[in-house]
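# Report on the structure
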Amino acid sequence: HWDNRIIYSNIKINGENTDSWTSFLPNNYWDVEGSYGPINALTRLRNEVYSLQDRGFARILINPVAMTNTGDGLPVVLGTGLTIQRHQYIGIDAGSKHQWSVTSSPNSILFLDAQKARVYLYNGSQLTAITDSCNWTFLNKELVYGIVQNDNPLLDKGIITTFDQENSEYLITFLNTNTRPEYSKK
């Protein structure tokens, strides 16, 4: 059980006879630091992949290449040939235990860190705790009744976020059966 491992398929080539996306070779994996907790979510923003752990938020560099010129002026592409070459932590003091609290828009990623009672927004260059600049006292109340440890929307527990394309806004839903009288009578 490797909870800090990303497993990836082979690279798809247009016109190939086999489906490389369904082929997972034994060495096609990348491990991020396990000291920040398990990977709870993977998301993307502008063709880049990001991982969220309990206490870590990282960019996963997939097929990064660099262009350089040779002495005769011809461009050369440099790379190692590996699909994932490294990862880069954006924040090691922010993360999310709730996989459904992570969502992205065309321009940003939003996630809720229940351990710190903060909502974070990443715009592609800067990670900001947006709850620090406003009074979100209800957030502490919502996180009291077991949401911090539970993340299963099917059991009516956890946090769900989504981005509303039509209104260009994020929506956050707190699911918590412990605060509802009909569930507390068990």
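Residue numbers run consecutively from 1 along every chain, following the written order of its sequence. Local features in this predicted model are restricted to residues whose pLDDT is 70 or higher, and side-chain atom pairs enter the listing and the counts only when it is 80 or higher, whereas totals over whole chains, interfaces and linings include all residues. With hydrogens and water excluded, all non-hydrogen atoms of the structure serve as input to the side-chain values.

With that out of the way, let us pick up the overall build of the protein chain. When helices and strands are tallied, the protein chain shows 2 helices and 14 strands. Evaluated residue by residue, the protein chain yields a buried proportion of 34% over its 186 residues. Considering only contacts in the protein chain between residues 6 or more positions apart, those separated by 24 or more positions represent 48%. Exposure was quantified through the Shrake-Rupley algorithm and a 1.4 Å probe, taking into account, for residues, occlusion by the shown protein chains and nothing else. As displayed, the protein chain offers around 11,600 Å² of accessible surface, 50% of which is attributable to carbon and sulfur atoms. Helix numbering and strand numbering both begin at the N terminus, where a helix is a DSSP run of H or I of at least 4 residues and a strand a DSSP run of E of at least 2. Each residue is placed in one exposure class: buried if its accessible area under a 1.4 Å probe, protein chains only, is under 20% of its type's maximum, exposed if it is over 50%, and partly exposed if it falls in between. For this analysis, residues touch if any pair of their heavy atoms sits within 4.5 Å.

Another point: the environment of Pro 153. Checked against the element boundaries, Pro 153 lands in the loop between helix H1 (137–142) and strand E13 (157–164). Look past the residues within four positions of Pro 153 in its chain and what remains in contact with it is Trp 100, Ile 160 and Leu 175.

For the rest of this paragraph, the subject is the environment of Leu 155. Mapped onto the elements, Leu 155 comes out in the loop between H1 and E13. Note on Leu 155: relative accessible area 55%, which makes it exposed. Spatially, the C-alpha atoms of Leu 155 and Leu 175 are 8.8 Å apart, while their sequence positions differ by 20 residues.

Attention shifts here to the environment of Ser 101. Structurally, the position occupied by Ser 101 is in the loop between strand E8 (84–91) and strand E9 (103–104). Residues Ser 101 and Thr 162 lie 61 residues apart in sequence; the distance between their C-alpha atoms is 8.0 Å. Residues within four places of Ser 101 in sequence aside, it is in contact with Ser 96, Leu 110, Phe 111, Leu 112, Ile 159 and Thr 161.

It is worth spelling out the confidence of the model for the protein chain at this point. Confidence of the prediction at every residue is given by pLDDT, a number between 0 and 100. Model confidence for the protein chain is summarised by a mean pLDDT of 77, while 74% of its residues fall at 70 or above. Confidence, expressed as mean pLDDT per element, reaches its minimum in the protein chain at helix H2 (residues 181–184) with 40 and its maximum at E9 with 93. Every residue in residues 179–186 is under pLDDT 50, and counting partners more than four places away or in other chains gives 4 contacts.

A separate point is unusual backbone geometry. At Ala 117, a position not held by glycine, the phi torsion is positive, near 55°. As for its placement among the helices and strands, Ala 117 is situated in the loop between strand E10 (109–113) and strand E11 (118–122).

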